[in-house]
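Each chain is listed here by its residues.
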Number of protein chains: 2
Amino acid sequence: MSKQPQKDKNFVPSRRSFLQGGLTAAGGAAVAAIGGGAALAAGTPDPAITELKDWNQYSGPGVDAAPYGVPSPFEAHVVRRDVPWLTADPISSINFTPLHELDGIITPNGLCFERHHSGVAEVDPAEHRLMINGLVDKPLVFTMQDLMRFPRENRVYFLECAANSGMEWRGAQLNGCQFTHGMLHNVMYTGVRLRTLLEEAGVKPAGKWILAEGADASGMGRSIPIEKALDDCLVAFKMNGEALRPEQGYPVRLCVPGWEGNMWVKWLRRIEVGDKPWQLREETSKYTDLMPDGRARRFTWAMDVKSVITNPSPQAPITHGRGHTIITGVAWSGHGKIKRVDVSIDGGRNWQHARIDGPSLSRSLHRFYYEFNWDGSPLYLQSRAIDEQGYVQPTKDALRAARGDNSIYHNNGIQTWYLKSNGEAENVEVS
Amino acid sequence: MSKQPQKDKNFVPSRRSFLQGGLTAAGGAAVAAIGGGAALAAGTPDPAITELKDWNQYSGPGVDAAPYGVPSPFEAHVVRRDVPWLTADPISSINFTPLHELDGIITPNGLCFERHHSGVAEVDPAEHRLMINGLVDKPLVFTMQDLMRFPRENRVYFLECAANSGMEWRGAQLNGCQFTHGMLHNVMYTGVRLRTLLEEAGVKPAGKWILAEGADASGMGRSIPIEKALDDCLVAFKMNGEALRPEQGYPVRLCVPGWEGNMWVKWLRRIEVGDKPWQLREETSKYTDLMPDGRARRFTWAMDVKSVITNPSPQAPITHGRGHTIITGVAWSGHGKIKRVDVSIDGGRNWQHARIDGPSLSRSLHRFYYEFNWDGSPLYLQSRAIDEQGYVQPTKDALRAARGDNSIYHNNGIQTWYLKSNGEAENVEVS
């Protein structure tokens with residue numbers, strides 16, 4: 001694919017020139033039409049004020065209208081979406097977070113992507129139990145009430161499916177960051193350290209691995225080394241303040257910070273301590289990386305440093321025309337905090353530092369912004385994240401050189417959007 | 001009211017004794033019954049495993065079931081609630097955040113309390129305009145798209161209604177922290193600094209105050225000093241990542257960090273710059289503090305340091321009986337971060353430091369925990385917050401001594417729950 005380099009003009013907007021000429025001066029009929037007009041002499045009441053709408057001239061709905069609130073009808077397009085041809089059945093499938101509609105770092109619970117292997121388990125928390133067994137001094141069974149008597153902690157973590165961006169290994173496929181990068185969410189969890197529960201049971205010296213097992217019909221299970229289990233894993237029962245959502249493992253899930261989402265077992269019912277991995281389907285047939293020599297990388301748990309521009313993007317074109325323009329996106333790393341995000345508008349030839357805004361937390365999404373004066377030329381937009389360990393997000397070509405073309409999982413390559421003069425964006429590759 | 005002091009035993013749980021005797025050992029029929037039982041010899045498969053439920057033996061709902069997710073049916077009781085006798089009409093009324101059902105520091109959008117003065121305005125964002133006029137060089141009108149071209153920031157702020165806990169001035173009235181303290185939420189906002197927009201318009205030297213005006217039928221308006229307007233005020237369009245909810249001002253509201261919620265004008269349609277306050281209804285007849293001498297304190301904007309124990313509390317009794325017990329709650333200050341939270345179990349005679357967990361952010365809720373070994377005696381539970389400015393949350397008696405009994409607003413006094421031997425809690429006062 002061709003590339004038309006576009007030099008960054010290093011535009012720095014002055015304090016009062018963000019939208020010069022683009023805003024409407026107040027006064028008279030100006031309220032109804034955007035695009036210039038003389039400024040009024042200051043003074044009140046302003047003739048335009050009478051033209052500002054009262055949006056409900058009489059009283060609107062009261063506080064009894066929605067005991068549990070929902071979004072505005074004008075936001076009905078902001079939903080998780082699946083890709084029907086991607087899987088045979090919605091029961092064992094994926095939907096995607098609408099990243100291009102979000103800002104900040106928190107993903108609201110109703111928009112967190114879903115990945116199920118046999119549909120959503122419907123669990124009565126009063127009847128649910130979590131067992132710890134295997135190589136422990138005292139096997140234990142916890143009710144939900146038991147779990148809530150252990151010391152809790154609150155942490156914001158991203159969860160990314162190992163298959164996020166998986167379709168993109170073989171070139172630009174899906175036209176929108178919701179689909180290329182939307183197997184991703186970022187939530188504040190409340191829960192108990194798995195370490196605390198394991199210490200209550202007493203791990204025997206021979207215990208080197210744990211099995212985490214879900215209560216859904218797929219019997220989801222994964223092996224996790226004991227070092228990670230005793231480090232930062234969280235047995236979580238709240239997300240963003242309230243109870244876990246059913247599709248996120250209600251009433252209890254495992255959080256494995258920084259590691260692939262498949263290990264964050266939902267509807268968690270059992271932790272078994274053992275002396276070796278269990279070699280389950282999801283860590284042998286699936287969630288391994290087929291290399292060029294025909295062998296497979298296994299146990300590639302950590303999600304490496306990655307970023308994506310969410311706006312503009314194919315689902316979120318620029319509609320304001322040329323002039324002051326904000327590029328924004330998210331960056332994350334399974335190895336800690338994000339140290340820096342760079343943005344290129346010329347397909348990776350030149351890079352500028354983006355501004356990171358909002359809390360910078362380990363193994364959490366970071367929000368970045370890059371502002372420039374768009375002259376309307378076609379651009380190749382890219383972002384590149386660097387984490388606190390010094391890892392730099394690679395190009396897709398560098399990834400393919402290392403791993404070949406057979407991979408599905410762990411694509412953390414740089415994403416390119418081709419921004420056309422009309423403001424539309426397309427998923428492309430440059431090399 | 002009587003008080004039965006109860007000395008804190010300074011109980012510090014050892015690493016493996018949180019619930020000794022309270023947990024069920026795994027094995028046989030133990031899964032179905034809590035309350036002791038011999039530990040099994042470790043080993044797999046464990047006989048109890050077969051008794052752990054598959055919660056859907058066949059596949060459950062797929063990823064197409066709910067494009068915008070909702071809570072579990074088992075959480076149907078977790079809702080905002082109003083108090084029908086409190087106001088004449090739900091159109092100009094209040095509902096309350098269920099604080100006792102939440103943890104961490106984020107309030108999910110569907111549970112953020114509502115306060116309306118003429119119901120919810122229903123705004124089409126494509127038609128909505130925000131005007132800046134008055135003592136400015138160039139009056140301006142912004143579309144929503146215009147606003148999104150200015151530099152954004154992401155901040156977590158609490159919003160507390162000035163009337164929160166207002167019924168409690170005259171003694172313990174409402175039986176549950178949802179009702180005594182639930183005019184409170186804590187959200188990550190994305191928006192543009194009001195300062196940036198004011199600089200775009202150019203504030204004239206005579207401009208010392210702003211008027212913030214809403215587009216609802218009540219025409220909500222408040223005067224704000226220019227110093228605050230140019231400091232940290234935010235013109236916000238997202239909450240917890242997604243668009244503002246209709247009842248929170250969709251598509252745009254003002255955030256006035258640390259100051260009373262009534263000033264956070266929703267459905268924001270106009271900012272006027274003036275040389276003196278406007279003396280509107282909501283800052284003269286309402287939201288002032290009637291003092292013992294018959295005069296009223298005015299412009300008491302900042303919300304002072306405050307805290308409340310959310311669990312246990314009247315709506316959330318202790319059901320596990322005596323033994324290791326977690327007390328948790330939230331603390332906040334309009335003057336910055338919380339430095340320390342103390343907990344008393346004897347009505348304020350003795351105080352212990354609580355543990356603050358999760359992000360500590362300025363003008364945001366802080367989550368605290370205090371753990372102790374409850375012997376089943378009746379207790380008087382209190383929390384007391386201290387902020388980074390050194391302000392200490394006062395007793396209700398100290399507040400009344402300073403302000404008399406006629407106030408409605410700005411009650412930040414220490415709350416007492418009387419914990420009975422059966423685990424139930426009541427709203428009481430001690431002195």
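Here the structure is a predicted model, which means the values were calculated and not measured. (Residues numbered from 1 in each chain as written. Chains lettered and ligands numbered in written order. Predicted model: local features only at pLDDT ≥ 70, side-chain atom pairs only at ≥ 80, totals over all residues. Heavy atoms only, no water.)

## A short note on the confidence of the model for chain A
All names here are of chain A. With 90% of its residues at a pLDDT of 70 or more, chain A has an overall mean of 90. Within the model, pLDDT remains below 50 along residues 1-16, and this stretch shows 40 contacts once partners closer than five positions in the same chain are excluded. Note on residues 28-45: pLDDT under 50 across the span, and 42 contacts to partners over four residues away in sequence or across chains. (pLDDT = per-residue confidence, 0-100. Contact = heavy atoms within 4.5 Å.)

## Focus: the sheet that holds strand E22 (residues 379-387) of chain B
Residues and elements named next belong to chain B. Read across the sheet, 5 strands follow the order E19-E18-E22-E23-E24 without closing on themselves; strand pairing throughout is antiparallel. Both outer strands of the open sheet, strand E19 (352-353) and strand E24 (425-428), are each paired with one neighbouring strand and no more. Bridge count between E22 and strand E23 (residues 416-419): 4 bridges; the pairing is antiparallel. Bridging from a neighbouring strand, Tyr380 pairs with Tyr418 of E23. (Pairing = 2+ DSSP bridges. Helix = DSSP H or I, 4+ residues; strand = E, 2+ residues; numbered from the N terminus.)

## Here's the deal with the relation of the copies chain B and chain A
Least-squares fitting of chain B to chain A yields an RMSD of 0.0 Å, with the transformation described by 0.0 Å of translation along the axis and a rotation of 180°. The transformation just described matches what one would write down for a two-fold rotation axis. No C-alpha of chain B lies nearer the rotation axis than that of Pro108 of chain B, which sits 3.7 Å from it. When the interface residues of chain B are mapped onto chain A, 99% of them again fall at the interface, so both copies present the same face. (Least-squares fit on C-alpha atoms with pLDDT ≥ 70 in both.)

## What to know about the pairing of strand E7 (residues 184-193) of chain B
Residues and elements named next belong to chain B. With respect to burial, E7 is a largely interior element, 9 of its 10 residues being buried. As paired strands, strand E6 (residues 152-160) and E7 are joined by 9 bridges and run antiparallel to one another. Of the residues in E7, the one forming a bridge with Glu160 is Leu184. Pairing between E7 and strand E10 (residues 234-239): 5 bridges, direction antiparallel. Its bridge partner being in E10, Tyr189 is matched across the sheet by Met239. (Buried < 20%, exposed > 50% of the residue type's maximum accessible area, 1.4 Å probe, protein only.)

## Some details on the state of the cysteines
Every disulfide links exactly two cysteines, by a covalent bond between their sulfur atoms. All names here are of chain B. Tallying each qualifying case throughout the model produces 0 disulfides over all chains. The closest cysteine sulfur to the non-disulfide-bonded Cys255 is located on Cys233, 8.5 Å from its own sulfur. Residue classification places Cys255 among the buried residues on the basis of a relative accessible area of 0%. (Disulfide = S-S within 2.5 Å.)

## Overview of the packing of aromatic side chains
This structure, assessed with the given rule, holds 22 aromatic pairs over all chains. Seen from their ring centres, Tyr287 of chain B and Tyr409 of chain B are 4.8 Å apart, and the 25° between their planes marks the pair as stacked. Taken together, the residues Tyr287 of chain B in the loop between strand E13 (268-274) and strand E14 (289-290) and Tyr409 of chain B in the loop between helix H5 (396-403) and E23 connect sequence positions 122 residues apart. What makes Tyr287 of chain B buried here is its relative accessible area of 4%. Every member of this aromatic cluster is reached through a ring pair, and the members are Trp209, Trp259, Phe299 and Trp301 of chain A. In this arrangement the basic side chain of Arg298 of chain A is found over the ring face of Phe299 of chain A, its NZ or CZ atom lying 4.5 Å from the centre. (Phe/Tyr/Trp six-rings, centres within 6.5 Å; stacked < 30°, edge-to-face > 60°. Lys NZ or Arg CZ within 6 Å of the ring centre and 35° of its normal.)

## As for the sheet that holds strand E24 (residues 425-428) of chain A
Residue and element names in this part refer to chain A. The strand order across the open sheet formed by 5 strands is E19-E18-E22-E23-E24, and the pairing between neighbours is antiparallel. In this open sheet, the two edge strands, each paired with only one partner strand, are strand E19 (352-353) and E24. One ladder, built from 4 bridges, connects strand E23 (residues 416-419) with E24; its direction is antiparallel. Residue pairing across strands places Leu419 opposite Ala425, the latter belonging to E24.

## Concerning the interface of chain B and chain A
Chain B puts 136 residues into the contact, and the matching count from chain A is 135 residues. Carbon and sulfur atoms make up 57% of the surface buried where chain B meets chain A, a total of about 11500 Å² over both sides. For chain B, the biggest contributors to the area lost against chain A are Trp55, Val63 and Arg149 of chain B; these three give 8% of the whole. Inspection of the region where chain B meets chain A yields 6 salt bridges. The partner of Arg155 of chain A in a salt bridge is Asp357 of chain B, and the shortest N-O contact between them spans 3.3 Å. Connecting chain B to chain A are 57 residue pairs in polar contact (both at pLDDT 80 or more). With 5 residues, the single largest contributor to the side of chain B that touches chain A is helix H3 (residues 194-201) of chain B. The residue inventory of the side of chain B that touches chain A, partitioned by class, reads 58 nonpolar, 38 polar and 40 charged. For strand E5 (residues 140-142) of chain A and strand E1 (residues 24-25) of chain B, the ladder comprises 2 bridges, and the chain directions are antiparallel. (Buried area = accessible area lost by both parts, 1.4 Å probe. Salt bridge = Lys/Arg side-chain N within 4 Å of Asp/Glu carboxyl O. Polar contact = N/O pair within 3.5 Å; in protein donor to acceptor, adjacent residues only side chain to side chain. Nonpolar A, V, L, I, M, F, W, Y, C, P; charged D, E, K, R; others polar.)

## With respect to the environment of Asn422 of chain A
Considering the arrangement of structural elements, one finds Asn422 of chain A in the loop between E23 and E24. A polar contact is formed between the side chain of Asn422 of chain A and the backbone nitrogen of Glu424 of chain A, at a distance of 3.0 Å.

## A few points about the pattern of salt bridges
Per the stated rule, a full pass over the model turns up 66 salt bridges over all chains. With a closest N to O distance of 3.0 Å, Arg245 of chain A and Glu242 of chain A form a salt bridge. The same class applies to Arg245 of chain A as to Glu242 of chain A, namely buried. Of the charged contacts, one joins Arg297 of chain B and Asp289 of chain B as a salt bridge, the two residues approaching to 3.0 Å between their closest N and O atoms. Asp289 of chain B gets classed as buried once you look at its relative accessible area, which sits at 0%. Bridged by salt links that share partners, the residues Glu153, Arg155 and Arg193 of chain A together with Arg355, Asp357 and Glu371 of chain B form one connected network.

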